[in-house]
Amino acid sequence: MVYKVIFKGSNKIEKEKLSLTFKEIELNSELGISIDYLDQLRQKKDAKIITFQNIEAVIKFGKNSTQPNYNYYNVILFSLKAKKQGILIGNSKKKGDILVGIWPFNKELDIESIKYLNELFNDLLVNPIKFQEICIIN
């Protein structure tokens, strides 16, 4: 399963060029994110964090492409060691913020990947200076 995130743009730009495709995290246990994680990240003064609203739509594709019950989505894009990465977070009334997908995706997720994602979430919040860029898009 994949999620295509379409971003708003001017009429001159083709919509296909303003999108990212995130691979769904298929885990037995969803990777929850603390309620105030995004707020804490936005308030970091010692890092270059850009925040703006630009998500137009999120569309799920795949075998079971039923749209999940997320109220809204957030995307966090960042650069680490000249490698651009991103995560898609969905908000559910019952479960709060949940990691929904990753970008780019070129390998299957395993236990080591989950450990890496947990470390990544921690580093974004505790050590944001480690990253060249951090962008939060609502």
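Position numbers for residues start from 1 in each chain and track the written sequence from start to end. Only residues with pLDDT of at least 70 get local features here, since the model is predicted, and only at 80 or more are side-chain atom pairs given and counted; chain-wide, interface and lining totals rely on the full set of residues. Side-chain numbers here rest on the full set of heavy atoms in the structure, without hydrogens or water.

Caption draft 1: Highlighting the pattern of salt bridges. Think of a salt bridge as a Lys or Arg side-chain nitrogen and an Asp or Glu carboxyl oxygen that are within 4 Å of each other. Taken as a whole, this structure holds 4 salt bridges when the rule is applied. Its salt-bridge partner being D39, residue R42 comes within 3.3 Å of it at the nearest N-O pair. Remark: D39 and R42 occur in helix α1 (residues 37-42); sequence separation between them is 3 residues, near one turn of the helix. R42 sits in the partly exposed class, given a relative accessible area of 29%. The helix count covers DSSP runs of H or I at least four residues long, the strand count covers runs of E at least two residues long, and both are numbered beginning at the N terminus. Each residue is placed in one exposure class: buried if its accessible area under a 1.4 Å probe, protein chains only, is under 20% of its type's maximum, exposed if it is over 50%, and partly exposed if it falls in between.

Caption draft 2: Spotlight on the packing of aromatic side chains. Only Phe, Tyr and Trp rings take part, Trp by its six-membered ring, and two of them pair if their centres are within 6.5 Å. Stacked means planes under 30 degrees apart, edge-to-face means over 60, and tilted covers everything else. Tallying each qualifying case throughout the model produces 4 aromatic pairs. Here the aromatic rings of Y37 and F121 are separated by 5.6 Å at their centres, their planes lie at 90 degrees, and the arrangement is edge-to-face. Placement of Y37 in helix α1 and of F121 in helix α2 (residues 111-126) is noted, with a sequence separation of 84 residues between them. Relative accessible area serves as the criterion here: at 5%, Y37 is assigned to the buried category. Among the aromatic residues, ring-to-ring pairing joins Y3, Y70 and Y73 into one connected group.

Caption draft 3: Up close: the confidence of the model for the protein chain. The pLDDT averaged across the protein chain works out to 83; a share of 84% of its residues lies at or above 70. Each residue gets a pLDDT score, which is the predictor's confidence in that residue and runs from 0 to 100. Across the protein chain, the element-wise mean pLDDT spans from 80 in strand β3 (residues 32-33) up to 93 in strand β6 (residues 72-80).

Caption draft 4: Region of interest: the environment of K84. Locating K84 in the fold gives a position in strand β7 (residues 83-92). Separated by 19 residues in sequence, K84 and W103 place their C-alpha atoms 8.6 Å apart. Only heavy atoms enter the contact rule, under which two residues are in contact if any of them lie within 4.5 Å. In this structure, K84 is in contact with F78, S79, W103, P104 and E133, ignoring residues within four places of it in sequence. Each polar contact in these results corresponds to two N or O atoms within 3.5 Å; when the atoms are within protein, one needs to be able to donate a hydrogen and the other to accept it, and residues that are neighboring in sequence are counted only if both atoms are side-chain atoms. One polar contact links K84 to E133, side chain to side chain, over a distance of 3.4 Å.

Caption draft 5: Here's a closer look at the pairing of strand β8 (residues 96-103). Judged by how many residues are buried, β8 sits mostly within the fold: 6 of 8 residues are covered. Two elements, strand β2 (residues 19-24) and β8, share 2 bridges in a ladder whose sense is antiparallel. Note on β8: the bridge partner recorded for K23 is I102. Pairing between two strands is assigned when DSSP locates at least 2 bridges connecting them. Alignment of β3 against β8, held across 2 bridges, turns out to be antiparallel. Residue I33 lies in a different strand from β8, and its bridge partner there is D97. Alignment of β7 against β8, held across 7 bridges, turns out to be antiparallel. For I89, the partnering residue across the bridge sits in β8 and is L99. Between β7 and the antiparallel strand that follows it, β8, lie 3 residues.

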